[in-house]
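# Chain and residue survey
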Amino acid sequence: LFPWRLLAMFFVRDVIHYCFQEKFTKISSEDPMSAQEFWLISAPGEKGANDAWDKLEKCTNNLAANNKFNIPDLKVGTLDQLVGLSDDLSKLDAAAEAVNRKLVQYLAEVLEDNKDKLADHLQIGNKDMHSYVTRFQWEGAKYPLKQSLKVLSEILGKQITQIDNDLKAKALTYNNLKNSLASIDRKATGSLMTKDLADLVKADDFVLESEYLQTLLVVVPKLSVKEWEASYAAFSDMVVPGSSKLIAEEGEFSLYTVTMFKKVIDEFKNAAREKKFMVRDFVYDEESLKAGKNERDKLVAEKQRQYAPLIRWLKINFGEIFAAYIHIKALRVFVESVLRYGLPVNFQAAVVEPNKSSSKKLRSELNKLYSHLDGSAAGPIDTFEDSPALMSLGVNEYYPYVFFALKMDFIDGKR
């Protein structure tokens, strides 16, 4: 007897297809395919899997490039287990795709000015993404065929979680380093109102080691320079006459020094503020200035030290996560094919790469070829209102044959 969950799923599917058959019979006039999407499909064999392959090749002639998607003999388990696993694999598929995208995006960020070399780093072993998918071979050393489908999905799930967690940790460490360096560099840029003044001044500009006197740095708008030079000595009765000296000019501002008795500094600041002159909080300290410069040098050196190992880790783990992603797709194709076509296992899976602007015609030809498998299946399920039950099961597109979209836009895709 079929488990009740399987019966329920088939019942819901048939009812929904009956209700929406007319709506879904028409294939959309829009071309939903991009050049960066493959179709993973499978169809039942008759005498064997090869006859299904021959029919597919004949049907898609001049419309697509096809490659066999080689899925090994996996342990089927019970039908009830397959139904539950179908839902689990759907979630695992989404998680693997998300981690793939995060890793590629972060690799692009780390490459910075070398971002145009991103594609060169996205290798799985010695294969690029296209070659890995179209020449897919199950990696038995990582995902042993003697294990059950449930155990294989758990192995893949743990791998995805581990890579995701490691990526977060490595990104946090490297980003903190970059942010610290960027903060220092920001202080070296900008206007005289905000930038670090250490590179603009020298010891001779200040009265140092005085018990009573202190030299301040004041930013003066260029339009107010004459007013400053004529009035600064009157801001307090303890300003040293003639002590103001021009240090630098940048943009709309000039930087001046002025010396006064320490006890009138607050009074002077208030008077300067009223005149729109800004007193910068700066105390000349040779050791502190050297330490600041040394800190930047240390950060630059540390960033350079971490860069190569981080790139290497990202490259290796992209290969790992992409391989896991495709193995999850293989599991989904296998599970759905057994649920659709039954036992013994006899189906042919394929990677279909539609030719440019051919997806609409290709979909039509595939529907003609496989309509006898399930005449009520007709295409995308767009909203929860269309099919809440199937959407809840993670089924977003339903055709007479097993179908899964494989997004390949990891470099240019925006999610």
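The protein carries the name V-type proton ATPase subunit C in an unreviewed UniProt entry, which gives Pristionchus fissidentatus as its organism.

### Observations concerning unusual backbone geometry
In this structure, Pro 344 follows Leu 343 across a cis peptide bond, with omega equal to -5 degrees. Mapped onto the elements, Pro 344 comes out in the loop between helix H9 (286–341) and strand E9 (347–354). In this structure, Glu 209 is a non-glycine residue whose phi angle is positive, near 55 degrees. The residue Glu 209 is located in the loop between helix H6 (149–187) and strand E5 (213–221) in this model. Unlike most non-glycine residues, Lys 276 shows phi in positive territory, near 70 degrees. Residue classification places Lys 276 among the exposed positions, given a relative accessible area of 67%.

### A few points about the pattern of salt bridges
Should the charged atoms of two oppositely charged side chains come close, the side chains can pair. Tallying each qualifying case throughout the model produces 23 salt bridges. The residue Lys 91 makes a salt bridge to Asp 87 at a minimum N-O spacing of 3.7 Å. Here Lys 91 and its partner Asp 87 are both found in helix H3 (residues 79–111), 4 residues apart, which amounts to about one turn of the helix. Exposure remark for Lys 91: the relative accessible area of 56% places this residue in the exposed category. With relative accessibility at 22%, the residue Asp 87 sits in the partly exposed group. Here Lys 102 ties to Asp 164 by a salt bridge, and the two come within 2.7 Å at their closest N and O atoms. Placement of the pair is Lys 102 in helix H3 and Asp 164 in helix H6, with a sequence separation of 62 residues. The exposure class assigned to Asp 164 is buried, which follows from its relative accessible area of 14%. Because the salt bridges share partners, they merge into one network encompassing Asp 93, Lys 329 and Arg 332.

What counts, and at which threshold
- Residues numbered from 1 in each chain as written.
- Predicted model: local features only at pLDDT ≥ 70, side-chain atom pairs only at ≥ 80, totals over all residues.
- Heavy atoms only, no water.
- Helix = DSSP H or I, 4+ residues; strand = E, 2+ residues; numbered from the N terminus.
- Buried < 20%, exposed > 50% of the residue type's maximum accessible area, 1.4 Å probe, protein only.
- Salt bridge = Lys/Arg side-chain N within 4 Å of Asp/Glu carboxyl O.

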